[in-house]
Amino acid sequence: MEYLKLKSGTDIRGVAVEGVEGQPVTLTDQAVEDILASFLCWVQRKLGAAPQGLRLAVGRDSRISGPRIVAAIRRVAERYGVIGLDCGLASTPSMFLATLDLDCPCAVQVTASHHPYHRNGLKFFTKDGGLDGPDIAEILEGAQRGDRPGQEAPGSWQQVDHMAAYAHTLREQIKEGVAAQDYDHPLAGFHIVVDAGNGAGGFYASQVLAPLGADVSGSQFLEPDGMFPNHVPNPEDKAAMDAISQAVVANHGDLGVIFDTDVDRGAAVDSQGVEINRNRLVALASAIALEKCPGGTVVTDSITSDGLKEYIERTLGGRHYRYQRGYKNVINKALKLNARGVDCPLAIETSGHAAMRDNYFLDDGAYLVTQIIIKMASLRKEGKDLHDLLAPLKEPAEELEIRLPITEEDFRARGLELILNLEVYARAQGWSIAPDNREGLRVSFPRGEGDGWFLLRLSVHDPILPLNAESNVPGGVRLILEQLAQFFRENSQGIDPSPLFSALS
């Protein structure tokens with residue numbers, strides 16, 4: 001097969017389990033072995049570390065194909081003299097930290113994030129962080145060529161409980177951050193409900209919260225189960241968020257937290273069962289980050305709301321830098337801004353990927369939730385809770401996302417051309433184009449014409465034009481879409497505008 005088809009941004013992903021109609025297995029044992037051999041060649045070229053004696057940390061999430069893929073990795077490691085450190089069930093962020101804690105030049109996590117049970121993938125780390133898209137392409141191209149290390153040598157394989165050390169670090173952060181009178185039990189008196197979605201996040205209840213004195217009764221789906229029988233482990237999924245909200249209310253919790261499969265994303269609900277997700281999560285993370293960095297810049301993706309910008313800049317006194325979708329894009333922009341002298345403590349995408357400067361700009365759901373818990377404890381000392389902190393955030397009355405398929409083969413060229421044509425059209429109509437937008441076209445509308453905005457952009461990977469719209473008034477999104485629909489009636493070549501028209505029917 002063509003291995004480059006397994007590239008998904010900065011990850012490698014494919015079908016790993018038989019049985020889904022029309023989806024043959026692409027992440028075969030042979031594919032994994034070829035990719036790992038190519039990765040070892042990449043490590044030798046880029047890091048100057050030969051495979052013989054190389055320490056490689058390996059972890060996996062709870063997917064049913066994980067053990068098979070780890071076994072394929074082990075075969076390659078042992079063939080070329082690698083010292084394999086098998087971390088077992090692990091979170092993706094912990095595998096980056098393994099490169100620091102276990103003195104490993106590199107690590108690999110077997111995960112496909114929130115994707116369905118039959119898919120899986122590989123994510124690579126060095127001490128500098130996760131590999132970028134061009135690195136992944138180079139590794140896949142090498143796998144296609146059949147690149148192999150030049151010399152075989154016997155390797156070794158050993159089990160390492162790195163998650164215990166990772167959980168210890170999180171506990172120490174909470175102890176220090178809360179600074180309770182009972183220092184070792186700073187969460188005594190707090191009831192926190194955890195939903196791990198049967199992914200890798202169940203450790204947070206048993207190894208982080210409970211030892212600190214928290215009541216974790218009512219926590220659910222903590223046992224790893226790669227078939228994900230209860231709900232999709234994804235904080236963007238409505239059923240998942242409904243599940244944790246209901247659990248918090250039913251158990252009278254002070255807070256609920258939920259993770260995706262591999263724990264690089266997290267979200268929360270407050271004591272009233274109200275979701276702290278998307279714009280609300282960005283707002284809360286910004287409040288936490290800017291408390292340590294007054295006047296700092298927060299980098300977000302492009303679809304954040306106008307109310308969030310106002311909250312960051314007016315309520316918190318920070319600066320808001322809208323950038324492109326894609327968590328790695330947001331993180332890389334924050335790194336570049338800091339390198340230029342811009343004080344930027346946080347990069348966060350509305351999907352829940354949150355990376356803080358004081359945590360290596362690592363998107364780590366458990367670290368984010370840990371900071372939220374520390375903040376909750378601090379607010380309680382003032383007689384407040386998270387709901388009070390977020391009260392000034394203005395939220396839209398309506399929001400909608402529509403995905404418009406691009407039907408031409410060169411979808412990228414057609415999508416960019418259409419966005420340029422829409423910009424010309426918008427200027428001719430006298431529409432207000434956002435001056436600080438850095439992806440696609442964002443247009444705002446005044447009261448009477450929708451009181452909100454739309455953003456049309458090109459998908460990072462797919463032949464899709466996502467269209468996001470928000471309004472501050474009921475019925476406003478429809479007014480915005482009606483004005484936009486006229487453009488698509490005249491400019492639909494190579495585009496399928498039917499989802500837009502269906503939304504108006």
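Only a predicted model underlies this, so the values are computations on that prediction, with no experimental measurement involved.

All right, on to the packing of aromatic side chains then. One pass over the full model with this rule turns up 14 aromatic pairs. Centre to centre, the rings of phenylalanine 445 and phenylalanine 454 are 5.9 Å apart; their planes meet at 35°, and the pair counts as tilted. Here the two residues phenylalanine 445 and phenylalanine 454 agree in accessibility, since each one is buried. One aromatic cluster in this structure is built from Tyr425, Trp431, Phe445, Phe454, Phe487 and Phe488. For arginine 438, the ring lying beneath its charged end belongs to tyrosine 321, and the centroid distance is 3.5 Å.

Across its 17 residues, helix H11 (residues 365-381) extends 25 Å between first and last C-alpha, which sits within 8% of the 24 Å expected from 1.5 Å per residue. The buried fraction of H11 amounts to 14 of the 17 residues, a majority that puts the element mostly inside the structure. Its side-chain oxygen 3.0 Å from the backbone nitrogen of alanine 366, aspartate 364 forms the N-cap of H11. Glycine 383 lies just past H11 and shows a positive phi near 75°.

Next up on the list: the sheet that holds strand E10 (residues 255-259). The strand order E9-E10-E11-E12 describes an open sheet built from 4 strands, whose pairing is mixed. Two strands bound the open sheet, and with one partner strand each, they are strand E9 (192-195) and strand E12 (275-276). Here 2 bridges tie strand E11 (residues 266-269) to E12, and the two strands are oriented antiparallel to one another. Counterpart to valine 269 in the pairing with E12 is glutamate 275. Along the sheet, helix H7 (residues 238-251) contacts E9, E10, E11 and E12; its crossing angle with E9, the most-contacted strand, is approximately 155°.

Bringing the pattern of salt bridges into the picture now. Enumeration over the complete set of coordinates arrives at 37 salt bridges. A salt bridge links glutamate 138 to lysine 46; the nearest nitrogen and oxygen atoms lie 3.5 Å apart. Pair noted here: glutamate 138 is in helix H4 (residues 133-145) and lysine 46 is in helix H1 (residues 29-47), with a separation of 92 residues, a long-range link. The exposure class of glutamate 138 is partly exposed, given its relative accessible area of 22%.

Another point: the UniProt feature "domain: Alpha-D-phosphohexomutase alpha/beta/alpha" (unreviewed entry) in the chain. The feature "domain: Alpha-D-phosphohexomutase alpha/beta/alpha" (unreviewed entry), as given by UniProt, occupies residues 12-141, 166-273 and 279-390 in the numbering adopted here. Counted over residues 279-390, helix gives 52% and strand 14%. Its end C-alpha atoms are 10 Å apart.

This part covers the side chain of histidine 118. Positionally, histidine 118 belongs in the loop between strand E5 (106-110) and strand E6 (119-126). Those residues within four positions of histidine 118 in sequence are excluded, and the remaining contacts are Gly14, Val15, Ala16, Val17, Val20 and Gln23.

What counts, and where the lines are drawn
- Residues numbered from 1 in each chain as written.
- Predicted model: local features only at pLDDT ≥ 70, side-chain atom pairs only at ≥ 80, totals over all residues.
- Heavy atoms only, no water.
- Phe/Tyr/Trp six-rings, centres within 6.5 Å; stacked < 30°, edge-to-face > 60°.
- Buried < 20%, exposed > 50% of the residue type's maximum accessible area, 1.4 Å probe, protein only.
- Lys NZ or Arg CZ within 6 Å of the ring centre and 35° of its normal.
- Helix = DSSP H or I, 4+ residues; strand = E, 2+ residues; numbered from the N terminus.
- Expected span 1.5 Å × (residues − 1).
- Polar contact = N/O pair within 3.5 Å; in protein donor to acceptor, adjacent residues only side chain to side chain.
- Pairing = 2+ DSSP bridges.
- Contact = heavy atoms within 4.5 Å.
- Axes fitted to C-alpha atoms, helices over the stretch in contact; angles between N-to-C directions.
- Salt bridge = Lys/Arg side-chain N within 4 Å of Asp/Glu carboxyl O.
- UniProt positions renumbered as here; feature names shortened; annotations may be inferred.

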